[in-house]
Amino acid sequence: MSAQLKETSRQWLHVALGCLITALGLIVLKHSQVITGGTAGLSLGLSYLLHVEFYYAFILLNIPFVFFSCWKLGYAFTVRTVAAIVLLSSMTALDALLPQVAIPALVGSILGGAIIGVGVSFLFRSGASLGGSTILVIYWQRRYGWDPGKTNFIGDSLVVLASFSALSLSQGTISIVSIAVTSGVLSFYKNRSQSSRRSRTSTLSTPAAA
């Protein structure tokens, strides 16, 4: 197996794993009646407000962002992102087969937020996203070097504020906790990746001992 084929296989494995982990986090949030940010959060909010399935709203809301992704981030990134959107939508649809167990809101917000942060980090590592605001987060990181955790938190907070009509005040406040946890995981991933790259660069540039 060639090195390029191995790298491609690794990327798609990370896409599938990232979607599976993120889907688990979204299911936890849904059973906690808590939302997250981005198009995933808007889709959850709409599912509560309009009584529609999450995956329908998620796919429709992502359509304009897919065009932006193709324009600004390239074809390969967009293909992986579209695959991630379809995979995530399919995986979250399996929630209908699970027992409808209620999870305490605060516990669910922390647990679900952390799980989503890990899943999205896997997608970022594979050169993909979940569409919506995560496309903008990656674009801003590549173009301006902005911390994805911080920009994700700002954007997601706006989504939660916009969804307050579908949530109680306590649910909205706990949702902010969830996106803070997700954003913290993303910032940790970015800082760890940068430290790893600096370490490799330093090792390569250090002359071998005589």
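Residues take numbers from 1 onward in each chain, read along the sequence in its written order. Under the rules for a predicted model, residues below a pLDDT of 70 receive no local features and side-chain atom pairs below 80 are neither given nor counted, while totals for whole chains, interfaces and linings still include all residues. The side-chain quantities take in all heavy atoms of the structure and omit both hydrogens and water.

Draft legend 1. Spatial organisation of the overall build of the protein. Secondary structure elements are taken from DSSP: a helix is a run of H or I of four residues or more, a strand is a run of E of two residues or more, and numbering for both begins at the N terminus. Counting its regular elements, the protein contains 8 helices and 0 strands. Tracing the protein from N to C terminus, the helices and strands come up as α-α-α-α-α-α-α-α. Computed by Shrake-Rupley with a 1.4 Å probe, the accessible areas treat only the displayed protein chains as cover when residues are assessed. In the structure as shown, the protein presents an accessible area of about 10,900 Å², 70% of it carried by carbon and sulfur atoms.

Draft legend 2. Local environment of the pattern of salt bridges. One side-chain nitrogen of Lys or Arg within 4 Å of one carboxyl oxygen of Asp or Glu is enough to make a salt bridge. A complete count under the given rule lists 2 salt bridges for this structure. Note that lysine 30 is salt-bridged to aspartate 95, the shortest N-O span being 3.7 Å. Separated by 65 residues along the polypeptide, lysine 30 in helix 1 (residues 3-31) and aspartate 95 in the loop between helix 4 (75-93) and helix 5 (105-125) bring together distant segments of the chain.

Draft legend 3. Expanded view of the side chain of serine 109. Summarising the element assignment, serine 109 is placed in helix 5. Should any heavy atoms of two residues lie within 4.5 Å, those residues are counted as being in contact. Apart from residues no more than four positions distant in its own chain, serine 109 is found in contact with Leu29, Val34, Ile174, Val177 and Ser178.

Draft legend 4. Summary view of the confidence of the model for the protein. pLDDT expresses, on a scale from 0 to 100, how confident the predictor is about each individual residue. Mean pLDDT over the protein stands at 80; residues scoring 70 or higher make up 87%. Ranking the elements of the protein by mean pLDDT puts helix 2 (residues 38-50) last, at 72, and helix 5 first, at 90.

Draft legend 5. Highlighting the packing of helix 1 against helix 4. One can describe the packing of helix 1 onto helix 4 by two numbers: an axis separation of 9 Å at closest approach and a directional angle of 40 degrees. The orientation of helix 1 relative to helix 4 falls into the category oblique. Judged by the sense of rotation from one axis to the other, the crossing of helix 1 with helix 4 is right-handed. Counting all contacts with helix 1, which are made through Gln11, Trp12, Val15, Ala16, Cys19, Leu20, Thr22, Ala23, Leu26 and Ile27, the residues of helix 4 involved are Val79, Arg80, Ala83, Ala84, Leu87, Leu88, Met91 and Thr92. Throughout this entry, Asp, Glu, Lys and Arg are counted as charged residues, while Ala, Val, Leu, Ile, Met, Phe, Trp, Tyr, Cys and Pro are counted as nonpolar. The remaining residues, Gly among them, count as polar. Taken together, the residues of the contact of helix 1 with helix 4 sort by class into 14 nonpolar, 3 polar and 1 charged. Axis definition: a line fit to C-alpha positions, over the contact stretch in the case of helices; interaxial angles, taken between N-to-C directions, run 0 to 180 degrees. We call two directions roughly parallel when the angle between them is under 35 degrees, roughly antiparallel when it is over 145, roughly perpendicular when it lies between 65 and 115, and oblique otherwise. Crossing handedness is defined as follows: a turn of the near helix away from the far one that is anticlockwise and smaller than a right angle gives a left-handed crossing, while the clockwise case is right-handed.

Draft legend 6. Broad picture of the side chain of histidine 14. Along the chain, histidine 14 falls in helix 1. Only protein chains enter the calculation, and the probe is 1.4 Å; a residue is then buried if its accessible area is under 20% of its type maximum, exposed if over 50%, and partly exposed in between. For histidine 14, a relative accessible area of 13% corresponds to the buried category. Setting aside its immediate chain neighbours within four residues, histidine 14 contacts Phe122, Leu123, Arg125 and Ser126.

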